[in-house]
Amino acid sequence: MPSKACALCQSSRAILKRPKTGQQICKECFFHVFETEVHNTIVDAKLFKPGDRVAIGASGGKDSTVLAHVMKTLNDRYNYGLELFLLSIDEGITGYRDDSLETVKRNQQQYNLPLKILSYEELYGWTMDAIVEKIGRKNNCTFCGVFRRQALDRGAASLNVDHIVTGHNADDIAETVLMNIMRGDIARLGRCTLICTEGEDTIRRSKPFKYAYEKEIVMYAYFKKLDYFSTECIYSPDAYRGHARVFLKDLEAARPSAIIDIIHSGEAFELLDEVKKVAKAQQVCLRCGYISSNDLCKACVLLEGLEKGTPALAIKDRTKSKDEDPASGMRTIPRFELPAISSERASNPTIVA
């Protein structure tokens, strides 16, 4: 039986079937449509303007490696005028992050981009290995997620960038929608599908891969022969997200468009006025200066719990505390300061296109 011709160019032999559309296409056409769709996402959402300094969240995994490759490719092809950096967070997970960071260092050489690595140990005085030894594996992802988000902003501030891009893909966002529905988290459900988040006290953060399927990112990395680290985090198998992921894969097997359909459903959610009224106003952490909805940000609360030997209590929200000063001898997080570029944008929003 003769091979089918590519559904797009009609000249080359089709060698793959797109998970997103079902089209049978050739390798070169797949590269073109994948990159073009990401470019269209960037342009439609007006994510960047010429002169932006952009940090690419780089873990060494498939998503961030493909993101770095595509961002550099599109920046050159379409003359975005961006100054790109690689930003990596070392959580301190032996046998996982130390190996993946070696991949990031190779990516730095391959893409000729500046690299900044910031560690949990440097910032918080704890590694994830030490945290897991202290608390076990039940809630370790809570600590890592909170610490990682703040570490990315602090690493970006040290690079004086005004934008962070992450490799979150369509599957990740659809999983988050499902997780927030299952947890009844209305506030997060209302914003989890946003392609870009930004506040006066945070650095602009966006997801160029919002509509890119995970399977297509893997195929892109494979056919481009990109250098990436493929091992999953050794502490993640017990994460709550795993249940949403399994459910989503079952839905995708029955209906490939389910991933995009869930994202569009999440985009259509609109919070009632009475829900918005009870949402906590954003403020600044009294201790470290990072954005928070309470007197102390979650990272400071979690770190205090570790330092005091009560990490389980720290996981619960601490909404009434006004204890700005830590106990004697307790490690704390350095004061957070926005980079000069972000501070200027916050005080003069008209400079943003």
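Residues numbered from 1 in each chain as written. Predicted model: local features only at pLDDT ≥ 70, side-chain atom pairs only at ≥ 80, totals over all residues. Heavy atoms only, no water.

**A short note on the packing of helix α6 (residues 140-159) against helix α13 (residues 298-308)**
And then number 1: Between α6 and α13, the least distance of the axes is 9 Å, while the angle of their chain directions is 130°. The orientation of α6 with respect to α13, classified from their angle, is oblique. Here α6 and α13 pass one another in a crossing that is left-handed. Facing α6, whose interface residues are Thr142, Phe143, Val146, Phe147 and Gln150, α13 presents Lys298, Ala299, Leu302, Leu303 and Leu306.
And then number 2: Residue classes in the contact of α6 with α13 are distributed as seven nonpolar, two polar and one charged. (Axes fitted to C-alpha atoms, helices over the stretch in contact; angles between N-to-C directions. Helix = DSSP H or I, 4+ residues; strand = E, 2+ residues; numbered from the N terminus. Parallel < 35°, antiparallel > 145°, perpendicular 65-115°, else oblique. Left-handed = near helix turned anticlockwise from the far one by under 90°. Contact = heavy atoms within 4.5 Å. Nonpolar A, V, L, I, M, F, W, Y, C, P; charged D, E, K, R; others polar.)

**Let's talk about unusual backbone geometry**
And then number 1: Phi angles above zero are rare outside glycine, and Lys46 is one such case at about 50°.
And then number 2: Looking at the element boundaries, Lys46 is found in the loop between α1 (27-45) and β3 (53-57).
And then number 3: Within the chain, Asn79 stands out as a residue other than glycine whose phi angle is a positive 55°.
And then number 4: Position of Asn79 among the secondary structure elements: in the loop between α2 (62-77) and β4 (83-90).
And then number 5: Under the relative-accessibility criterion, Asn79 is labelled exposed at 63%. (Buried < 20%, exposed > 50% of the residue type's maximum accessible area, 1.4 Å probe, protein only.)

**So, the pattern of salt bridges**
A pair can form between side chains of opposite charge whenever their charged atoms are brought close.
And then number 1: For the structure shown, the criterion picks out 26 salt bridges.
And then number 2: Between Arg18 and Glu37 there is a salt bridge; the shortest N-O distance is 3.0 Å. Separated by 19 residues along the polypeptide, Arg18 in the loop between β1 (16-17) and β2 (24-25) and Glu37 in helix α1 bring together distant segments of the chain.
And then number 3: Note on Arg18: relative accessible area 3%, which makes it buried.
And then number 4: Overall, Glu37 belongs to the partly exposed group, its relative accessible area being 29%. (Salt bridge = Lys/Arg side-chain N within 4 Å of Asp/Glu carboxyl O.)

**A word on the environment of Arg149**
And then number 1: Considering the arrangement of structural elements, one finds Arg149 in helix α6.
And then number 2: Relative accessible area serves as the criterion here: at 41%, Arg149 is assigned to the partly exposed category.
And then number 3: Along the chain, Arg149 and Ile89 lie 60 residues apart, while their C-alpha atoms are 9.6 Å from each other.

**Describing the pairing of β3**
And then number 1: When you tally the buried positions in β3, you get five out of five residues, the bulk of the element.
And then number 2: Residues Arg53, Ala55 and Gly57 line one face of β3 and the alternating positions Val54 and Ile56 line the opposite face, and both faces are buried.
And then number 3: Sheet topology places β3 next to β4; five bridges connect them, and they run parallel. Bridge pairing links Ala55 to Phe85 in β4.
And then number 4: The β-α-β motif built from β3, the intervening α2 and the parallel element β4 has right-handed crossover chirality. (Pairing = 2+ DSSP bridges. Right-handed = clockwise from strand over helix to strand, strands pointing away.)

**Comments concerning α1**
And then number 1: Under the 1.5 Å per step criterion, the end-to-end length of α1 is 27 Å for 19 residues, consistent within 8% with the ideal 27 Å.
And then number 2: Among all positions of α1, only Cys29, Phe30, Phe31, Val33, Phe34, Glu35, Thr36, Val38, His39, Thr41 and Ile42 are buried.
And then number 3: Against the buried residues of α1 lie β1, β2, α2 and α9 (214-223).
And then number 4: At the C-terminal side of α1, Lys46 shows a positive phi close to 50°. (Expected span 1.5 Å × (residues − 1).)

**Some points on the sheet that holds strand β7 (residues 196-197)**
And then number 1: A sheet is described by the order of its strands in space; here six strands give the open sequence β5-β4-β3-β6-β8-β7, paired in mixed fashion. Pairing within the sheet leaves two strands with one partner each, and these edge strands are β5 (115-119) and β7.
And then number 2: In terms of strand pairing, β3 meets strand β6 (residues 163-165) through three bridges, oriented parallel. Within the sheet, the bridge partner assigned to Ala55 lies in β6 and is Ile164.

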